[in-house]
Amino acid sequence: LDSYDISKPLYIGERYGYGHRASETSSSGYDYVTMGGGVALSRKAVELRSRCLRCTCPSEDTPDDMQMGLWMRYLGIPASHEAGFHQSEPHNYHEHLLNHYLSVSFHRFEKSVMTGEIDPEKTKRVYERYLEVHDDAAKN
C-alpha cells in the first residue's frame, strides 16, 4: 500500500464488479471492494463519504460492500484492486499468488474438518505464515 498517494481519495481491496454485462449500452454496472476481504480507505475518501448527503443505505439488509461501491462511484473514487486482500481462506488461492504478494487480510480462516468451526490453531498458523507483520526498519 506504500505505492499510493494517501493525500488522494483511495478505495482499495479485492475488487469485484456488478452489472457490467447487463447491457452493452447501460452504465449501471459498477466496481466495488468486497469488504469481507477488507478495505482500505484514505482519510480523504472517508471525509468525502462522511459529507455525502446522498450516501445513505436504502434498507438495513443492503449489502454493505456493494453499497459502498455505489457511493464511491457517485463520489468519483475508483475501486483499486490489491492482490493482498483475500475474500476467502488461504487454501482457495494458488500458492504462487500467496507467495508473490504480501497478504493484508483473509475473509475467513481455516475451519476444523471435524466441527466446521473456526479452528484457533489453524487460524494461528495462517496468521504466522501469511499475515504476521515484520518491521525490518526496527531491526536496523
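Just so you know, these numbers come straight off a predicted model, no measurement behind them.

Thresholds applied
Residues numbered from 1 in each chain as written. Predicted model: local features only at pLDDT ≥ 70, side-chain atom pairs only at ≥ 80, totals over all residues. Heavy atoms only, no water. Helix = DSSP H or I, 4+ residues; strand = E, 2+ residues; numbered from the N terminus. Contact = heavy atoms within 4.5 Å. Areas by Shrake-Rupley, 256 points an atom, 1.4 Å probe, with all protein chains shown as cover. Pairing = 2+ DSSP bridges. Axes fitted to C-alpha atoms, helices over the stretch in contact; angles between N-to-C directions. Phe/Tyr/Trp six-rings, centres within 6.5 Å; stacked < 30°, edge-to-face > 60°. Buried < 20%, exposed > 50% of the residue type's maximum accessible area, 1.4 Å probe, protein only.

Trainee: What is the right way to look at the overall build of the protein in this model?
Mentor: Each helix and strand counted, the protein has five helices and seven strands in total. Tracing the protein from N to C terminus, the helices and strands come up as β-β-β-β-α-α-β-β-α-β-α-α. Within the protein, residue pairs in contact and separated by at least 24 positions form 53% of the contacts whose partners lie at least 6 positions apart. With the model as given, the accessible surface of the protein reaches about 9800 Å², and the carbon-plus-sulfur share is 51%.

Trainee: Can you help me understand the sheet that holds strand E4 (residues 39-41) in this one?
Mentor: What holds strands together in a sheet is hydrogen bonding between their backbones, with the strands either parallel or antiparallel. Strand order in the open sheet formed by three strands is E4-E1-E5, and the pairing between neighbours is mixed. What marks the edges here is a single partner per strand, and that holds for E4 and strand E5 (79-81). Between one strand axis and the next, the sheet turns through 25 degrees on average, direction left out of account. Bridge analysis of strand E1 (residues 11-13) against E5 gives three bridges, and the strand direction is parallel. Its bridge partner lying in E5, Ile-12 is registered against Ser-80. On top of the sheet, helix H2 (residues 64-75) reaches E1 and E4; it is set at about 145 degrees to E1, its chief contact.

Trainee: Just checking my understanding: could you explain the environment of Ile-118 for this structure?
Mentor: Here Ile-118 shows up in the loop between strand E7 (105-106) and helix H4 (120-131). As for Ile-118 and Arg-108, which are separated by ten residues in sequence, their C-alpha atoms are 8.5 Å apart. In contact with Ile-118, other than residues within four places in its own chain, are Phe-109, Glu-110, Lys-111 and Thr-123.

Trainee: I would appreciate a short explanation of the packing of aromatic side chains in the present structure.
Mentor: Two aromatic rings, taken as a pair, are described by how far apart their centres are and by the angle between their planes. Applying the stated rule across the entire model yields four aromatic pairs. Both rings, one in Tyr-30 and one in Tyr-32, keep their centres 6.2 Å apart while their planes meet at 50 degrees; by these two values the pair is tilted. Given a relative accessible area of 7%, Tyr-30 falls into the buried group. Judged by its relative accessible area of 10%, Tyr-32 is buried. One aromatic cluster in this structure is built from Tyr-16, Tyr-18, Tyr-30 and Tyr-32.

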